[in-house]
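What follows is each chain in one-letter form.
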Amino acid sequence: MSIKTLEFSLEKIAADLVNGDRRSLARALSIVEDGGDEAAWLVRRLFPYAGRAHLIGITGPPGVGKSTLVDALISQIRSDGLKVGVLAIDPSSPFSGGAILGDRIRMQGHTLDKNVFIRSMANRGHSGGTALATYDAVRMMEAAGNQVVIIETVGVGQSELAIAETADTTVLVLMPGSGDDVQAIKSGIMEIGDVFVVNKGDLPGANKTASEILASLELSNRGQAWKQPVQVTNAETNQNVNAVWLSIQEHKKYLDESNQLTERRKRRVESELTELVADIARKNLKDSLEHSSGVQSVLQKMLRQEMDPHCAAEAVMEDLFGKSRQPAVE
Ligand SMILES: Nc1nc2c(ncn2[C@@H]2O[C@H](COP(=O)(O)OP(=O)(O)OP(=O)(O)O)[C@@H](O)[C@H]2O)c(=O)[nH]1
Ligand SMILES: [Mg+2]
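Basis of the calculations
- Residues numbered from 1 in each chain as written.
- Chains lettered and ligands numbered in written order.
- Predicted model: local features only at pLDDT ≥ 70, side-chain atom pairs only at ≥ 80, totals over all residues.
- Helix = DSSP H or I, 4+ residues; strand = E, 2+ residues; numbered from the N terminus.
- Buried ≥ 20, exposed ≤ 12 C-beta atoms within 10 Å, placed from the backbone.
- Contact = placed C-beta atoms within 7 Å.
- pLDDT = per-residue confidence, 0-100.
- Expected span 1.5 Å × (residues − 1).
- Arc of directions from axis to C-beta.
- Near = placed C-beta within 6 Å.
- Nonpolar A, V, L, I, M, F, W, Y, C, P; charged D, E, K, R; others polar.
- Pairing = 2+ DSSP bridges.
- Axes fitted to C-alpha atoms, helices over the stretch in contact; angles between N-to-C directions.
- Parallel < 35°, antiparallel > 145°, perpendicular 65-115°, else oblique.

Caption draft 1: Focus on the overall build of the protein chain. A tally of helices and strands in the protein chain yields 13 helices and seven strands. Each of the 330 residues in the protein chain was classed as buried or not, and the buried ones make up 38%. Considering only contacts in the protein chain between residues 6 or more positions apart, those separated by 24 or more positions represent 76%.

Caption draft 2: Representation of the confidence of the model for the protein chain within the structure. Looking at the protein chain as a whole, its pLDDT mean stands at 84, while 81% of the residues score no less than 70. Confidence over residues 93–102 falls short of pLDDT 50; this stretch has 12 contacts with residues more than four positions distant or in other chains.

Caption draft 3: Broad picture of helix α10 (residues 241–257). Given a rise of 1.5 Å per residue, 17 residues ought to cover 24 Å, and the 25 Å separating the end C-alpha atoms of α10 matches this to within 8%. Among all positions in α10, only V241, V244, W245, S247, I248, H251 and L255 are buried. For α10, the angular spread of the buried residues around the axis is 160°, confining them to a single face. Away from the buried face of α10 by more than 90 degrees, exposed residues K253, D256 and E257 are located.

Caption draft 4: Looking closely at the site of ligand 1. Within the structure, ligand 1 sits among 18 residues, and P62, G65, K66, S67 and T68 are positioned closest to it. Every element with two or more residues in the shell around ligand 1 is listed here: α4 (66–79) and α5 (98–106). Split by residue class, the shell around ligand 1 holds six nonpolar, seven polar and five charged.

Caption draft 5: Main features of the environment of N240. Residue position: N240 is located in the loop between β7 (230–232) and α10. For the pair N240 and V197, spaced 43 residues apart in the sequence, the C-alpha separation amounts to 10.0 Å. Leaving out residues up to four positions away in the same chain, N240 has contacts with Q231, V232 and T233.

Caption draft 6: Inspection of the pairing of strand β2 (residues 84–89) at higher detail. Among the six residues that make up β2, six are buried, leaving the element largely enclosed by the rest of the structure. Of the two faces of β2, the one lined by V84, V86 and A88 and the one lined by G85, L87 and I89 are each fully buried. Bridging between β2 and strand β3 (residues 116–121) involves six bridges; their strand directions are parallel. When the bridges of β3 are listed, L87 appears paired with R119. Strand direction decides the pairing type here: β2 and strand β4 (residues 148–152), joined by five bridges, are parallel.

Caption draft 7: View of the packing of α4 against α10. Interhelical geometry of α4 versus α10 gives an angle of 70° and a closest axis separation of 9 Å. As judged from the angle between their axes, α4 and α10 are roughly perpendicular. Residue-level inspection shows L69, A72, L73, Q76 and I77 of α4 in contact with α10, the latter providing V241, N242, V244 and W245. The residue inventory of the contact of α4 with α10, partitioned by class, reads seven nonpolar, two polar and no charged.

Caption draft 8: Highlighting unusual backbone geometry. Even without a glycine there, the phi angle at K200 is positive, about 60°. Summarising the element assignment, K200 is placed in the loop between β6 (195–198) and α9 (206–220). Not every positive phi belongs to a glycine, and Q305 is a case in point at roughly 65°. By secondary structure assignment, the location of Q305 is in the loop between α12 (293–303) and α13 (309–322).

Caption draft 9: Here's a closer look at the pairing of β6. Burial of β6 is two-sided: the residues V195 and V197 facing one way and the residues F196 and V198 facing the other way are all buried. Bridge analysis of strand β5 (residues 169–174) against β6 gives four bridges, and the strand direction is parallel. Directly across from V171, in β6, lies its bridge partner V195. Summarising the sheet, β6 and β7 pair through three bridges and their orientation is parallel. If you follow V198 over to β7, its bridge partner there is V232.

Caption draft 10: The arrangement of the sheet that holds β4 in detail. Spatial strand order, β3-β2-β4-β1-β5-β6-β7: seven strands in an open sheet with parallel pairing. Edge strands, defined here as strands with exactly one partner in the open sheet, are β3 and β7. Ignoring which end each strand starts from, the neighbouring axes of this sheet average 20° apart.

Take a look at the structure:
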């Protein structure tokens with residue numbers, strides 16, 4: 001396909017997406033998932049429409065009921081008349097994988113609602129990994145007019161945590177009785193939660209787990225303006241899910257009224273830029289290892305024990321970035 005034809009078809013996808021066409025949104029999400037030039041083109045074209053939604057991260061250990069809770073939250077969000085997009089990030093399994101199929105079935109209650117768009121994402125081809133693809137996917141969701149975007153991640157890997165952490169509001173979902181969870185909480189992931197949910201409230205020990213969480217939050221959070229609420233829910237029967245939605249909205253209000261929203265978005269752009277630059281550097285380096293005579297000579301010196309790895313790295317940095325360095329601001 002010629003560049004002109006390609007731009008024409010991407011332009012059509014972009015224009016239709018902004019007008020609310022769901023198939024174009026689905027196409028755009030696949031394109032940003034794959035990364036590359038087409039993704040960059042779409043992101044550049046739709047960038048003016050991005051940055052408007054309330055980004056909600058839902059994370060927590062496997063199987064605690066995150067998807068079930070998201071499904072129940074969608075009903076709350078829709079009853080407030082808001083348009084909502086959901087990205088269920090699955091770092092390991094492909095699109096047709098079992099877990100994804102499970103999510104599809106679970107969220108089927110909303111398939112007829114034109115104001116709900118649910119998409120499972122895996123790290124298909126984007127060399128920058130799931131996090132970078134997710135940021136761009138959120139932009140597509142925003143350009144399509146979604147006022148709320150929910151990102152469900154399983155809170156295991158570093159990049160999934162990073163995604164959740166850079167949402168505007170992060171909901172950490174746990175379930176009763178697992179002392180392990182409270183251990184995990186103590187060892188750091190606690191800090192990422194703005195709203196806590198103890199789901200499976202129908203199982204024994206839910207209130208005990210909730211009070212343990214509250215107790216440790218009180219210890220660690222003295223003096224902070226936002227007091228993280230802990231809600232006990234039964235996502236399967238919708239019990240207390242409205243309280244979770246209220247807590248999420250209160251947190252949004254808190255962010256708007258303090259300067260915290262800007263702070264969070266600043267962290268998000270910082271980590272996105274870091275990952276993008278690292279991604280480009282990695283690609284350049286791979287290229288240079290094969291083609292650059294400067295890098296070849298550094299490699300030879302290393303082989304001959306004439307140059308130690310640290311000096312070699314410095315020299316390669318100079319070769320990669322030093323000569324072609326552009327001013328950051330024109
Ligand atoms: N008893 C009980 N079971 C629940 C509740 N919420 C969800 N479940 C069940 O818990 C299981 C896991 O639910 P999911 O919603 O898939 O959990 P998840 O956290 O999204 O799972 P992963 O995405 O695989 O990490 C399913 O069998 C649900 O039916 C609840 O409130 N009570
Ligand atoms: Mg799930």
